[in-house]
Amino acid sequence: MRIQLSDHFTYSKLLRFTLPSIVMMIFTSIYGVVDGIFVSNFVGKTPFAAVNLIYPVLMILGALGFMVGTGGAAIVAKTLGEGKPALANQYFTLLVLSAAAGGAAVSLLGLLFIRPVSAALGAEGAMLEHCVLYARIILAANPFFILQNVFQSFFVAAEKPKLGLSVTVGAGLTNIVLDALLVAVFPLGLAGAAIATAMSQVVGGLVPALYFARENGSLLRLTRTRFYGRILAKTCANGSSELMSNISSSLVSILYNFQLIRLAGEDGVAAYGVVMYLAFVFAAIFIGYSVGSAPIISYHYGAGNSRELGGLLRKSVVLCAIGGAAMAGLSALAAPPLGRIFVGYDPDLLALTVRGLRLFALSFLFSGLNIFGSAFFTALNNGLISALISFLRTLVFQCGSVVLLPLALGVDGIWLSVAAAELAALVLTGVFLAVNRRTYRY
């Protein structure tokens, strides 16, 4: 039976509705993971370290899609909840076109400045050349990556999360198959891995555009529109938390790499790359749940259904808490085999990676609650509180932790710094939820 945004959501129905978004985000996060496995095992440790060094910059340049997708989907879903489908489609079209234009501009800037940026991050010699090669190929497809991130949120608002999942799975499989062919079979090395990722992003961005451009069975379709400056500005403000979260996470990753180069050399950067791959996948589960549940929250907020809004908040907190505990335990137990998949060829690097994974795993106890907390306020069209949570969580608290904890704990302090930052952010998120409960009647 088709689940609609207007339904009453039990735990079972909530999980069924958000599962496609969760799997969708997992497949999106797998892009870098698959590249990492093939590059590390078939190309070498130095190119693997180069990918990990430049990847945060590429995520910053693709973050526009998360802002437009999450911020815009909240507005469109709220408009649908108010009973204005034609206007919702005009907003949807404007936001897609704006994201495409912005993506092209951002990609051009990235292509022009990627070499000096790579050098500023500490890359030199062969590592610098690897960074530039990989980034330039990825940036050629960056507008499609931005559109893919936009459509991930709008598939949910259109009540077609399973179709969004199918598109993302197709893009993910494209990446995996091409990685195997262009890196393992045909020796194209790092360029092959970059081409595989770029082509998968083209699939992820182009197929949804073709679907929404024609008559379809969803709530949304690309149509004639006009310029709604207020809606575009509100989308940017409302989605600023997701933009800030992605940019801040990438900036913090750059700082982590800088600290690890100083304390542990190239091995430290490679080990951090493996840790981040696990973090990307687990964070994708929480992000996917938040993306999947946000249009439901926005719809019931627009419809004035405060009882359902409160129920969605309570159920989501329970699910995120249970999921975080399970992920922390699983990642600690699975650290050795996961490490061997990436760096089993180097015993010292493997030992460093396993210890990093186990210490970092503590952060999963708190991160899901914080990710949902920020997304909850985005869904309520309160971009300011959402942005404050994301900014403090992903930039201020983490930067402070990664600078201060290593002074006392050395390399271990780097692995533990995210857990410390997430714990501080959880307190902040709880305060915001408590203070605003009467305003939004949840």
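As the structure is a computational prediction, the values presented were derived from the model and not from experiment.

## Details of the overall build of the protein chain
Along the protein chain, the regular secondary structure elements total 16 helices and zero strands. Taken against the 2.2 N^0.38 rule, which gives 22 Å for 442 residues, the C-alpha radius of gyration of the protein chain at 21 Å falls within 12% of a compact globule. Seen along its three principal axes, the alpha-carbon backbone of the protein chain occupies a region of about 60 × 45 × 40 Å. Taken across its 442 residues, the protein chain has 57% of its residues classed as buried. Here the analysis covers contacts within the protein chain between residues at least 6 apart in sequence; of these, 82% occur between residues at least 24 apart. Of the roughly 16700 Å² of accessible surface on the protein chain, 70% is carried by carbon and sulfur atoms. Where the 27 positive side-chain charges of the protein chain centre and where its 16 negative ones centre are 15 Å apart.

## Notes on the environment of L359
For L359, the location among the structural elements is in helix α12 (residues 347-360). Taking the C-alpha atoms as reference points, L359 and A328, separated by 31 residues in sequence, lie 9.6 Å from one another. Ignoring any residue separated from it by four or fewer positions in sequence, one finds L359 in contact with D412, W415 and L416.

## With respect to the pattern of salt bridges
Note on pairing: side chains with opposite charge can pair once their charged atoms come close. Evaluation of the coordinates by the stated rule reveals nine salt bridges. Put simply, K13 and D7 hold a salt bridge, and the shortest N to O gap is 3.7 Å. Given the relative accessible area of 18%, D7 is considered buried. Residue R115 is joined to E129 by a salt bridge in which the shortest nitrogen-to-oxygen separation is 3.0 Å. Of this pair, R115 sits in helix α4 (residues 85-120) while E129 sits in helix α5 (residues 126-140); the two residues are 14 residues apart in sequence, bridging distant segments of the chain. Since its relative accessible area comes to 32%, R115 is described here as partly exposed. Residue classification places E129 among the partly exposed positions, given a relative accessible area of 41%.

## Some points on the packing of helix α14 (residues 383-409) against helix α15 (residues 411-435)
Two elements in contact, α14 and α15, have axes whose closest approach is 7 Å; the angle formed by their N-to-C orientations is 150 degrees. Taken together, the axes of α14 and α15 are roughly antiparallel relative to one another. Seen along the crossing, α14 lies across α15 with a hand that is right-handed. Residue classes in the contact of α14 with α15 are distributed as 19 nonpolar, five polar and three charged.

## What to know about the packing of aromatic side chains
Considering all chains together, one arrives at 21 aromatic pairs under this definition. On the numbers, 6.0 Å between centres and 50 degrees between planes, the contact of Y289 with F372 is tilted. In this pair, Y289 sits in helix α10 (residues 240-302) while F372 sits in helix α13 (residues 364-379), placing the two residues 83 residues apart along the sequence. On the basis of relative accessibility, which here comes to 3%, the residue F372 falls in the buried class. Judged by centre distance (5.2 Å) and plane angle (75 degrees), the rings of F376 and Y442 are edge-to-face. Here F376, found in helix α13, pairs with Y442, found in the segment after α16 (437-440); they are 66 residues apart in sequence, far enough to count as distant. In this structure F376 comes out as buried when scored by relative accessible area, which is 0%. Taken together, the aromatic side chains of Y289, Y301, F372, F376, F377, Y440 and Y442 make up a single cluster linked through ring pairs. Above the face of the Y11 ring, K315 is positioned so that its terminal group lies 5.8 Å from the ring centre.

## Let's talk about the environment of H300
On the secondary structure map, H300 appears in helix α10. The exposure class assigned to H300 is buried, which follows from its relative accessible area of 3%. Through-space distance from the C-alpha of H300 to that of L388 is 24 Å; in sequence the pair is 88 residues apart. Sequence-distant contacts of H300, defined by excluding residues within four places in its chain, comprise L5, S6, D7, F9, N305, E308 and L312. Side-chain polar atoms of H300 contact the backbone oxygen of D7, separated by 3.2 Å.

## Let's talk about α4
Along α4, the largest kink reaches about 60 degrees and is centred on F113; proline P116 follows within four residues of it. Positive backbone phi, at 110 degrees, marks G122, one or two positions downstream of α4.

## What about the side chain of S21?
The residue S21 is located in helix α1 (residues 11-43) in this model. By relative accessible area, which is 0% here, S21 ends up buried.

## Digging into the nonpolar core
In this structure, I54, F364, F377 and Y442 are the most contacted members of the largest nonpolar core, which totals 92 residues. By size, the runner-up hydrophobic cluster in this structure holds 29 residues, among which are A99, F151, Y211 and L220.

Cut-off values and rules
Residues numbered from 1 in each chain as written. Predicted model: local features only at pLDDT ≥ 70, side-chain atom pairs only at ≥ 80, totals over all residues. Heavy atoms only, no water. Helix = DSSP H or I, 4+ residues; strand = E, 2+ residues; numbered from the N terminus. Rg over C-alpha atoms; globule rule 2.2 N^0.38 Å. Buried < 20%, exposed > 50% of the residue type's maximum accessible area, 1.4 Å probe, protein only. Contact = heavy atoms within 4.5 Å. Areas by Shrake-Rupley, 256 points an atom, 1.4 Å probe, with all protein chains shown as cover. Lys, Arg positive; Asp, Glu negative; His and termini not counted. Charge placed at Lys NZ, Arg CZ, Asp CG, Glu CD. Salt bridge = Lys/Arg side-chain N within 4 Å of Asp/Glu carboxyl O. Axes fitted to C-alpha atoms, helices over the stretch in contact; angles between N-to-C directions. Parallel < 35°, antiparallel > 145°, perpendicular 65-115°, else oblique. Left-handed = near helix turned anticlockwise from the far one by under 90°. Nonpolar A, V, L, I, M, F, W, Y, C, P; charged D, E, K, R; others polar. Phe/Tyr/Trp six-rings, centres within 6.5 Å; stacked < 30°, edge-to-face > 60°. Lys NZ or Arg CZ within 6 Å of the ring centre and 35° of its normal. Polar contact = N/O pair within 3.5 Å; in protein donor to acceptor, adjacent residues only side chain to side chain. Bend = angle between axes of the 7 residues up to and from the residue. Core = buried A, V, L, I, M, F, W, Y, C linked by side-chain atoms within 4.5 Å.

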